[in-house]
Amino acid sequence: MSRVRTVLGDIRPEELGVCDAHDHLFLRSPQLPGRELNDPAAARAELAAFRAAGGAAVVQWTPYGMGRRAADLPELSRATGVRLVCATGLHQAAHYDSESLDRLRGGRLAELFVSELTDGIGTTGVRAGLIKVAGGFHALDAHARWTMTAAAEAHHATEAPIAVHLELGTGALDVLDLLCGELGVPGDRVILGHLNRFPDPVVHRQAAASGCWLAFDGPSRAYHATDWRMPDALRALADAGFGDRLLLGGDTVVAGARSVDGGPGMPHLLCRVRPRLDAALDADLVDRILTEHPGRAFAVDWT
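Residues numbered from 1 in each chain as written. Predicted model: local features only at pLDDT ≥ 70, side-chain atom pairs only at ≥ 80, totals over all residues. Heavy atoms only, no water.

Another aspect to go through is the nonpolar core. Core analysis: the largest hydrophobic core is formed by 79 residues, its most contacted members being Leu84, Ile131, Met148, Val164, Leu192, Phe216 and Leu248. Setting aside anything within four residues of it in sequence, one finds leucine 84 in contact with Thr6, Val7, Leu25, Leu47, Val58, Leu73, Leu76 and Ser77. Ile11, Cys19, Ala163 and Phe298 belong to the second largest nonpolar core, which has 19 residues in total. (Core = buried A, V, L, I, M, F, W, Y, C linked by side-chain atoms within 4.5 Å. Buried < 20%, exposed > 50% of the residue type's maximum accessible area, 1.4 Å probe, protein only. Contact = heavy atoms within 4.5 Å.)

Given below as structure tokens:
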């Protein structure tokens, strides 16, 4: 029977509740000096604010080696009442130092992913519930192909979903050609992130036709010019028959973007984005996107 793997254990998909399907409580990268998400107290306050806005679950896409603080997640979940899903996987090479990458390349990356999905992350006892990887700008470099190949191998061993960072929202079809075409991952086990950053309706429909999940996230200072197009993009997909493939998230990646630090943060998804979508789409569909869809996208018949 399919279950969503949270940091406190496996639950039925329908137990997930209103879900931010793509966000970060903790994140560290040399690309974001001085702006890291690395404060447990702030993470707890942000989750409490999300809970007060009606949120029930958050899927954290922070992968291996980027400051996930997996050991802190169970207590944060207990304290706030928000269910949390943690990721394994690997981001773009730019987010790691060369020594770390050399060490990973000397081992079996897929085995690391499988271990974190099934045995747990280090000694924390926290098991990941998804695999996060990343593409490049309109292309897949050798690093992306290596990590996605390992992710596909880990998927075939566990059935875990693969969530993909699309750089500036591009490269969706290249990712699907590799994961679903060459590597045999079923379309409904792939989640494409940041599609709102490249609001091309033709590409969106082509990607959706594979059966994959399309995640729209934000807002973002860097990509705010496309935020206003998101309702139209979602409506176009729904009108084309792909309303059942949609996910929504906040994607908070720097400290200043948290609501408790003066940014929109996680509550923005429910306090501002949801009413805007209710006006553009059928409200029942918006409810399903926030509740039913994440349960289906992240549920796994764990073996």
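That covers the picture; the talk isn't over yet.
Pairing is parallel across the open sheet formed by six strands, whose spatial order is S6-S7-S8-S9-S10-S11. Both edges of this open sheet fall to strand S6 (87–89) and strand S11 (246–249), since each of them pairs with a single strand only. Neighbour-to-neighbour, the strand axes of this sheet turn through a mean angle of 30°, independent of strand direction. Examined bridge by bridge, S6 and strand S7 (residues 130–134) share three bridges and lie parallel to one another. Looking at S7, one finds that alanine 87 is bridged to leucine 130. Contacts from helix H4 (residues 109–118) reach S6 and S7 within the one sheet, and its direction differs from that of S6 by about 165°. (Pairing = 2+ DSSP bridges. Helix = DSSP H or I, 4+ residues; strand = E, 2+ residues; numbered from the N terminus. Axes fitted to C-alpha atoms, helices over the stretch in contact; angles between N-to-C directions.)

What follows is about the sheet that holds strand S4 (residues 57–60). Taken in spatial order, the three strands line up as S3-S4-S5 in an open sheet, and their pairing is parallel. One side of each edge strand has no neighbouring strand; the edge strands of this open sheet are strand S3 (19–23) and strand S5 (83–85). On average, each strand axis in the sheet is tilted by 15° relative to the strand beside it, whichever way the strands run. Two strands pair when backbone bridges link them, and S4 and S5 are joined in this way by three bridges, in the parallel orientation. Bridge assignment links valine 58 to a residue of S5, and that residue is leucine 84.

Moving on to the pairing of S3. For S3, the buried fraction is high: five of the five residues fall into the buried class. In this sheet, S4 lies alongside S3 in parallel orientation, the contact comprising three bridges. Looking at S4, one finds that aspartate 20 is bridged to valine 58. For the crossover from S3 across helix H1 (residues 40–52) to S4, the handedness is right-handed. (Right-handed = clockwise from strand over helix to strand, strands pointing away.)

Moving on, we come to the packing of aromatic side chains. With the rule as written, the count across this model stands at zero aromatic pairs. Sitting over the ring of phenylalanine 26, arginine 69 keeps its end group 5.5 Å from the ring centre. Its guanidinium or amino end placed over the ring of tryptophan 213, arginine 245 lies 4.1 Å from that ring's centre, counting from NZ or CZ. (Phe/Tyr/Trp six-rings, centres within 6.5 Å; stacked < 30°, edge-to-face > 60°. Lys NZ or Arg CZ within 6 Å of the ring centre and 35° of its normal.)

Within the sequence span of helix H6 (residues 172–182), burial applies to Ala172, Val175, Leu176, Leu178 and Leu179. For H6, the buried positions fall inside an angular range of 165° around the axis, keeping them on one side. Set apart from the buried face of H6 by more than 90 degrees, the exposed residues are Asp177, Gly181 and Glu182. On its buried face, H6 is in contact with helix H5 (142–158), strand S8 (162–165), strand S9 (190–193) and helix H7 (201–208). Two residues or fewer past H6, glycine 184 is found with a positive phi of approximately 75°. (Arc of directions from axis to C-beta.)

Attention shifts here to the pattern of salt bridges. Per the counting criterion, the structure on display carries 15 salt bridges. Notably, a salt bridge pairs glutamate 14 with arginine 12, separated by 3.0 Å at the nearest N-O pair. Given a relative accessible area of 59%, glutamate 14 falls into the exposed group. We classify arginine 12 as partly exposed; its relative accessible area is 37%. Taking the shortest distance from any N to any O, the salt bridge between glutamate 75 and arginine 78 comes out at 3.8 Å. (Salt bridge = Lys/Arg side-chain N within 4 Å of Asp/Glu carboxyl O.)

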